[in-house]
Amino acid sequence: MHMPAYYQHPQSLPVKQAPIDPLRSSVVHLLSRANAFPCAAAVQSFTQLVPPISRFQLALDVILPLLDSPVDVSVSGRLDRTHADHRCHNPQLSQRILASYILYALYAPHPITINPFRSALLYTFNKER
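Residues numbered from 1 in each chain as written. Predicted model: local features only at pLDDT ≥ 70, side-chain atom pairs only at ≥ 80, totals over all residues. Heavy atoms only, no water.

### Focus: the overall build of the protein chain
So, step 1. On a plain count of helices and strands, the protein chain comes out with 5 helices and 0 strands.
So, step 2. Along the protein chain, helices (α) and strands (β) appear in the sequence α-α-α-α-α when read from the amino end.
So, step 3. Per-residue burial over the protein chain gives 24% buried out of 129 residues.
So, step 4. For the protein chain, contacts bridging at least 24 residues in sequence account for 63% of all contacts bridging at least 6.
So, step 5. When the accessible surface of the protein chain is summed, it comes to about 9300 Å², and 59% of that surface belongs to carbon and sulfur atoms. (Helix = DSSP H or I, 4+ residues; strand = E, 2+ residues; numbered from the N terminus. Buried < 20%, exposed > 50% of the residue type's maximum accessible area, 1.4 Å probe, protein only. Contact = heavy atoms within 4.5 Å. Areas by Shrake-Rupley, 256 points an atom, 1.4 Å probe, with all protein chains shown as cover.)

Rendered as structure tokens:
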């Protein structure tokens, strides 16, 4: 049986990949540079990057999972608490601190009781304490 010229075998069709969300990539990049700038500057960058309508969803999808990730405190053997500028040498820990700060700061103008991330923040605080 002869196939028509326009027929393409399914294996030869190009595979469609999910489009890369530039907004999500920007937030991931921002979090990856947690040691590079103060938390307040990161929150300002986050609010400038992400439109208000998308902030809650990106916080759920990208930022909140960082609080559940395990922290390896032995990256450099110990955490140096006496460093001159008090920045963490552990990238995982600094990302978790930044993630917590962003989740808190998004709703800072309102009472903490109505912050939708309150339970996650309290859990993380008690676990890290």
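Now that the structure has been shown, the text picks up again.
### A short note on the confidence of the model for the protein chain
So, step 1. Per-residue confidence for the protein chain averages 78 on the pLDDT scale, and 68% of its residues sit at or above 70.
So, step 2. The weakest mean pLDDT in the protein chain belongs to helix 5 (residues 118-128) at 89; the strongest belongs to helix 2 (residues 39-49) at 94.
So, step 3. Low pLDDT, under 50, characterises residues 75-88; the predicted model gives this stretch 16 contacts beyond four residues in sequence or across chains. (pLDDT = per-residue confidence, 0-100.)

### Regarding the packing of aromatic side chains
So, step 1. Counting across every chain of the model gives 2 aromatic pairs.
So, step 2. Judged by centre distance (5.5 Å) and plane angle (35 degrees), the ring pair of Phe-56 and Phe-117 falls under tilted. Note that Phe-56 is positioned in helix 3 (residues 52-68) and Phe-117 in the loop between helix 4 (91-105) and helix 5, a separation of 61 residues in sequence.
So, step 3. The class of Phe-56 is partly exposed, set by a relative accessible area of 34%.
So, step 4. Judged by relative accessible area, which is 2%, Phe-117 ranks as buried.
So, step 5. Each ring, one from Tyr-107 and one from Phe-117, has its centre 6.2 Å from the other, and the planes form 50 degrees; the classification is tilted. Placement of Tyr-107 in the loop between helix 4 and helix 5 and of Phe-117 in the loop between helix 4 and helix 5 is noted, with a sequence separation of 10 residues between them. (Phe/Tyr/Trp six-rings, centres within 6.5 Å; stacked < 30°, edge-to-face > 60°.)

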